[in-house]
Protein chains: 2
Amino acid sequence: MDLDSKDREIIGILAKDARISIKALAAKIDLSRSATSERLSKLERSGVIRGYRADIASQDPALISAFLLIRLERTPMHSLLDTLAAFPAVKRVSSVSGELDLIVEVEAQTMEALNTVRDRIAVSGGVCDLTTSIILRDEIQRA
Amino acid sequence: MDLDSKDREIIGILAKDARISIKALAAKIDLSRSATSERLSKLERSGVIRGYRADIASQDPALISAFLLIRLERTPMHSLLDTLAAFPAVKRVSSVSGELDLIVEVEAQTMEALNTVRDRIAVSGGVCDLTTSIILRDEIQRA
DNA sequence: TTCGCTTCCGACCAAAGGACGGTTGCACCG
DNA sequence: CGGTGCAACCGTCCTTTGGTCGGAAGCGAA
């Protein structure tokens, strides 16, 4: 699916305010409601717009985050991915090239909870080496 | 602002589908439309819900991302942060504890662009050691 | 030119939403 | 104990919004 400028306008507006009405959206991009509605549902059907998410303020600013830098005994390691996915604390897992094999981002309420996750992962089969880097501060964060 | 279980239900539902109608939302949490609407606007006013965003599929699957794992000669290193912030390719910078000092996430159109960023950062004053981990795949990604 | 396709518009009618009055439950206090 | 204020809820009224349709316009291919 290729997007024209109107489609990109729609995406840009919805990226900032996903609950805007079709009418207001139509006015912004200077099209009729029906045409806008049709374009929108096409963008949804084609998968360009994957969904709409509420942006929730972190209820607990005391959350502790860390990167776990993992070397595996061999790759790929599907069972470990299942293990990781089972932890709600695991926010992101990326396969990477180089010395490391996986970079895992975790987030927990307490240092204790973080350690528990870390230990459970460390003793999982296939993990050769695991380094924990606690995030002290997010210096830069962009969309 | 403290949230009860209904509020958390609302948040959970909207986090997955921010364009759901108030009526459908009300039905899901078993409250009237008006009560649901009132709770929702309170959540918005109080800042618990910061906004609503369309989840846009990456139009360019050819984007290359990497983590740069950085050790500094000394910390903190404010000038380096300014340098990093100047690159649009730099998506996130976290100060971490342990062996490493900074974990930088970068995203570029081409491997060449990525390398340029990497090199520019590597020769910046204060960088003691820099390891690049190209992201091969994002295995898990959560809100 | 004529066909087929896409995109647009306006109109219709059903669905959704804002606003309001009234009820209930509960904490507070004289 | 009874009264008062408050917060949350409900259902209803009426406006706004949205999905859908038929028809028009633009455009490329046959």
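Residues numbered from 1 in each chain as written. Chains lettered and ligands numbered in written order. Predicted model: local features only at pLDDT ≥ 70, side-chain atom pairs only at ≥ 80, totals over all residues. Heavy atoms only, no water.

Colleague: Even after reading the chapter, I still don't get the protein's contact with DNA strand C, so can you show me in this structure?
Modeller: Near DNA strand C the following residues occur: Leu31, Ser32, Arg33, Ser34, Ala35, Arg39 and Lys42 of chain A together with Ser21, Ile22, Lys23, Arg33 and Ser37 of chain B. The sugar and phosphate moieties of DNA strand C supply 58% of its atoms located within 4 Å of the protein. Here a phosphate oxygen of DNA strand C and a side-chain polar atom of Lys42 of chain A are 2.7 Å apart. Side-chain polar atom of Ser37 of chain B to a phosphate oxygen of DNA strand C: 3.5 Å apart, as the coordinates give it. Broken down by secondary-structure element, the contributors of at least two residues to the surface near DNA strand C are helix H3 (33–45) of chain A together with helix H2 (22–29) and helix H3 (33–45) of chain B. (Near = heavy atom within 4 Å. Polar contact = N/O pair within 3.5 Å; in protein donor to acceptor, adjacent residues only side chain to side chain. Helix = DSSP H or I, 4+ residues; strand = E, 2+ residues; numbered from the N terminus.)

Colleague: Would you explain the interface of chain A and chain B in this entry?
Modeller: Many structure descriptions define interface size as the accessible area lost when the parts assemble. Every contact between the two is made by 53 residues of chain A and, on the other side, 53 residues of chain B. Approximately 5000 Å² of surface area, both sides summed, lies buried where chain A meets chain B, with 50% of it carried by carbon and sulfur atoms. The interface formed by chain A and chain B includes 8 salt bridges. The salt bridge involving Arg92 of chain B is made with Glu105 of chain A; its shortest N-O contact spans 2.9 Å. On inspection of chain A and its partner chain B, the count reaches 39 residue pairs in polar contact (both at pLDDT 80 or more). Among the elements of the structure, helix H1 (5–16), strand S1 (49–56), strand S2 (64–72), helix H4 (78–86), strand S3 (90–96), strand S4 (102–108) and strand S5 (127–141) of chain A are those that each provide at least two residues to the side of chain A that touches chain B. Take the side of chain A that touches chain B: its biggest share by element is 10 residues, from S5 of chain A. (Contact = heavy atoms within 4.5 Å. Buried area = accessible area lost by both parts, 1.4 Å probe. Salt bridge = Lys/Arg side-chain N within 4 Å of Asp/Glu carboxyl O.)

Colleague: For this particular structure, what's the right way to read the packing of aromatic side chains?
Modeller: Each pair of aromatic rings is reported with the distance of its centres and the angle of its planes. Counted by the stated rule, this structure contains 1 aromatic pair over all chains. Geometry around Tyr52 of chain B places Arg19 of chain A over its ring, the cationic atom sitting 5.6 Å from the centre. (Phe/Tyr/Trp six-rings, centres within 6.5 Å; stacked < 30°, edge-to-face > 60°. Lys NZ or Arg CZ within 6 Å of the ring centre and 35° of its normal.)

Colleague: Hey, could you run me through H3 of chain A in this one?
Modeller: It helps to recall that an α-helix has 3.6 residues per turn; residues three or four apart then point in one direction. Residue and element names in this part refer to chain A. Spanning 13 residues, H3 covers 18 Å between terminal C-alpha atoms, matching the ideal 18 Å at 1.5 Å per step. For H3, the set of buried residues is Thr36, Leu40 and Leu43. Seen along its axis, H3 keeps its buried residues to an arc of 60 degrees; they face one direction. In H3, the exposed positions angled more than 90 degrees off the buried face are occupied by Ser34 and Arg45. (Expected span 1.5 Å × (residues − 1). Buried < 20%, exposed > 50% of the residue type's maximum accessible area, 1.4 Å probe, protein only. Arc of directions from axis to C-beta.)

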